[in-house]
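Below, each chain spelled out in residue letters.
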Amino acid sequence: MCKSSSSEDKTTAHAWVFEDETADTGKGALTTNGIENIANHKYKSGHYTYLDNFLNPFWTYITDLLPMTVAPNMVTTMGGFQCFISYCVLWYHSPNMDQVVPDWVVLLSGLCTVGYYTFDCMDGKQARRTGTSSPLGQLFDHGFDCLCLMSHVSATSGYVMIGGSNWYLAMQTSLQFSFFMAQWEEYYTEILPHAMGNFGVTEVNYGIGLFTAFNAFIEREQFWLSKVKDVFIFEQFAKYVPIPELLGNLELRHFALCGWFASLAILISGSLLRVFTHENVKKNGIHLSALSKLCTPILISIAPFCLPSNILFNRTRSVSIATGLLFTLLTKKMIVFSMAKMTYAAVQTTALPLLMGFLWIRFDKNITEEGATLLLSMLSVYYVYQLLSWVSKAINQICKKLDIYCFSIKAKSDSTKKAN
C-alpha cells in the first residue's frame, strides 16, 4: 500500500502496486486531493532557445488569425490530426513500414510534422489570448505529444525503411521511454525540460519535419541502404583516420539510428542526473523510489524483443501499436499525476496484459503467426479502450472542478448562472 509522507504533495510517497483510491469510490481517474492540486497547478516550462525566440512572433501572428471562439484544446487536437493523417497514409502505402513509399507520401509526412508542431506552439497562445488557460491544456498538449511519437517514428521509417526489423521497435521504444523520462523528471522537479542549451524540442520537431520533406526529393533507397564506407564524406575521412570494419559495413540508415540512440542516451542521462540531484529528492531520500517508477517502462521497452523473430519482423506494426498505446497510457498518467501531485506506483498493473500476451506468443509453440496477430490486435483494442476510458474520466473530473468545457469556450454568462 501507499505510505504517504504528506497530506497534499504525494509525489514523495511510495507505492509498489496500489495507488490511493480515486474519487467517486474509485470510479474516477484522480483522487479528491489530486483534483484540488490540479486546480492550483501552474505550469513551469524550461528555457527557450534562440529558434523559439525567433519564431515566437510568427506563432503569435498566426494564432491571432484564429477566431476567438476556438478553444485551445481544439487547436491542440487539430495539430494531433496532422499526425493521424500522416500515420494512416503511411500505413496504407507500407503496412509493415519496410517498403519504399511514393515521394508525395514522404513529403506529406514532413509537412504534417511541421504542421503538428506549429499547432502545438499555438495552443498555449490561444489560451492566453482567450483567457482560458487551464491545467487541462497541459494534459492535452503533452498527451498528444506522446501519442504523436508513433507517427514520427512511422514517418522516419517512411524513408529509411526499417520496418520488419529490430531497429524500428528499438527506435520507437527508446523514443517513448525518453519522453516518459521527461515527464518523470517533471514529476519530481516540477519543471519539464524543453532544451539542452540552445537545442530543444522546437529544433528537433522542425528538424525532423524538414528533413523528412527533404527525403522526398532524393533517391532514398539508394542513399540509406548504402554502406558507411561507400559514402563520399566517410571515404575522405578514411584517408586520414581508419574506419573500423564493423562501422564501415553498417548501412547508412543504421549508422544514423546509432547516432539517434546516442542522443537519447544523453537526454535520459540528463533527466536522471537532474532528478537525483534535485533538492526535493535529496531531502526526502527517495532516490530508489524515483528509480523504481522506471521499472514498468523499462520492461515495456524490452518486451517486444522477446517475441519470435517471425512475429517481430513480419508483424512490426501490430507489435508497435500495442506497445505504443500502452506507453502512451502510462505517460499520460504520469503527466496527470505530476499535476495532481499523486503517488505513481512503481508497478503499473495495466502493463500486465501486454507482458503476458508477449510471453504467451514467445513460449506457445502452437500459436500461428495469424493467431499472434489476432492477440496483438486484441491488445491494441484493449489499450485503446483503457486509454480513452482513463483520459475521459480525468478530463471530466478536471472540467467539472474548473467549471470549463473541453472543446469549446464557456460563455461567461454560463459560469455566472451556474455560480448563482
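Draft legend 1. Highlighting the overall build of the protein. The helix and strand tally for the protein stands at 19 helices and two strands. Relative to the globule expectation of 22 Å for 420 residues, the C-alpha radius of gyration of the protein, 22 Å, shows essentially globular dimensions. Across its three principal axes, the protein shows a C-alpha extent of roughly 75 × 55 × 45 Å. A separation of at least 24 residues holds for 80% of the contacts in the protein among residues at least 6 apart in sequence. If you average the places of the 31 positive and of the 31 negative side-chain charges in the protein, the two averages end up 6 Å apart.

Draft legend 2. Quick peek at the confidence of the model for the protein. Here the protein shows a mean pLDDT of 89. Residues at 70 or above account for 93%. Contacts for the low-pLDDT stretch residues 1-7, under 50 throughout, to residues beyond four places or in other chains number 15 contacts.

Draft legend 3. Up close: the environment of Thr212. Along the chain, the position of Thr212 falls in helix H7 (residues 201-214). For the pair Thr212 and Asn33, spaced 179 residues apart in sequence, the C-alpha separation works out to 45 Å. Ignoring any residue separated from it by four or fewer positions in sequence, one finds Thr212 in contact with Val106, Ser109, Gly110, Ala155 and Tyr159. Here Ile208 takes part through its backbone oxygen, which lies 2.7 Å from a polar atom of the side chain of Thr212.

Draft legend 4. Just the environment of Arg317, in detail. Here Arg317 shows up in helix H16 (residues 316-340). In sequence terms Arg317 and Gly163 are 154 residues apart; their C-alpha atoms lie 7.9 Å from each other. Excluding residues that lie within four positions of it along the chain, Arg317 makes contacts with Tyr87, Leu90, Trp91, Ser94, Pro95, Asn96, Met97 and Ser154. For Arg317, the side chain forms a polar contact with the main-chain oxygen of Ser94, separated by 3.0 Å.

Draft legend 5. Seen up close, the side chain of Glu203. One can find Glu203 in helix H7. It is Arg274 that comes nearest to the buried, bridge-free Glu203 among opposite-charge side chains, at 14 Å. A polar contact is formed between the side chain of Glu203 and the backbone nitrogen of Gly200, at a distance of 2.8 Å.

Draft legend 6. Examining helix H3 (residues 72-93) more closely. For H3, with 22 residues, the first-to-last C-alpha span of 33 Å sits near the 32 Å given by 1.5 Å per residue. Residues Pro72, Asn73, Val75, Thr76, Gly79, Gly80, Cys83, Ser86, Tyr87, Val89 and Leu90 constitute the buried set of H3. Those residues of H3 that are buried lie in contact with helix H4 (103-130), helix H5 (135-160) and H16.

Draft legend 7. Inspection of the packing of aromatic side chains at higher detail. Scanning all chains against the criterion turns up 19 aromatic pairs. An aromatic cluster is defined as three or more aromatic residues linked by ring pairs; in this entry it consists of Tyr159, Phe211, Phe214, Phe223 and Trp224. The ring of Phe144 carries the charged tip of Lys332 above its face, separated from the ring centre by 6.0 Å.

Draft legend 8. Inspection of the nonpolar core at higher detail. Grouped together as the largest cluster of nonpolar side chains are 86 residues, with contacts concentrated most on Leu30, Leu136, Trp184, Tyr188, Phe358, Trp390 and Ile395. A per-element tally of this core places H16 first, with 14 residues. Not counting the four nearest positions on each side in its chain, Phe358 is found in contact with Ala303, Pro304, Cys306, Leu307, Val319, Thr323, Leu376 and Leu379. Listed in part, the eight residues of the second largest apolar core include Leu55, Trp59, Cys83 and Tyr206.

Draft legend 9. Fine view of the packing of H3 against H5. Contact geometry for H3 and H5: axes closest at 9 Å, N-to-C directions at 20 degrees. Here H3 is positioned roughly parallel relative to H5, judged by the angle of their axes. Read as a crossing pair, H3 and H5 show a hand that is left-handed. Contact residues: Asn73, Thr76, Thr77, Gly80, Cys83, Ser86, Tyr87 and Leu90 in H3; Leu136, Gly137, Phe140, Asp141, Phe144, Cys148, Met150, Ser151, His152, Ser154, Ala155 and Gly158 in H5. Across the contact of H3 with H5, the residue classes break down as nine nonpolar, 10 polar and one charged.

Draft legend 10. Spatial organisation of the pattern of salt bridges. Tallied over the full model, the rule gives 10 salt bridges. For Asp20, the salt bridge goes to Lys10, with nearest N and O atoms at 3.1 Å. On the criterion of sequence distance, the pair formed by Asp20 in the segment before helix H1 (32-39) and Lys10 in the segment before H1 is long-range, its members being 10 residues apart. Residue classification places Asp20 among the partly exposed residues on the basis of a relative accessible area of 26%.

Parameters and conventions
- Residues numbered from 1 in each chain as written.
- Predicted model: local features only at pLDDT ≥ 70, side-chain atom pairs only at ≥ 80, totals over all residues.
- Heavy atoms only, no water.
- Helix = DSSP H or I, 4+ residues; strand = E, 2+ residues; numbered from the N terminus.
- Rg over C-alpha atoms; globule rule 2.2 N^0.38 Å.
- Contact = heavy atoms within 4.5 Å.
- Lys, Arg positive; Asp, Glu negative; His and termini not counted.
- Charge placed at Lys NZ, Arg CZ, Asp CG, Glu CD.
- pLDDT = per-residue confidence, 0-100.
- Polar contact = N/O pair within 3.5 Å; in protein donor to acceptor, adjacent residues only side chain to side chain.
- Buried < 20%, exposed > 50% of the residue type's maximum accessible area, 1.4 Å probe, protein only.
- Salt bridge = Lys/Arg side-chain N within 4 Å of Asp/Glu carboxyl O.
- Expected span 1.5 Å × (residues − 1).
- Phe/Tyr/Trp six-rings, centres within 6.5 Å; stacked < 30°, edge-to-face > 60°.
- Lys NZ or Arg CZ within 6 Å of the ring centre and 35° of its normal.
- Core = buried A, V, L, I, M, F, W, Y, C linked by side-chain atoms within 4.5 Å.
- Axes fitted to C-alpha atoms, helices over the stretch in contact; angles between N-to-C directions.
- Parallel < 35°, antiparallel > 145°, perpendicular 65-115°, else oblique.
- Left-handed = near helix turned anticlockwise from the far one by under 90°.
- Nonpolar A, V, L, I, M, F, W, Y, C, P; charged D, E, K, R; others polar.

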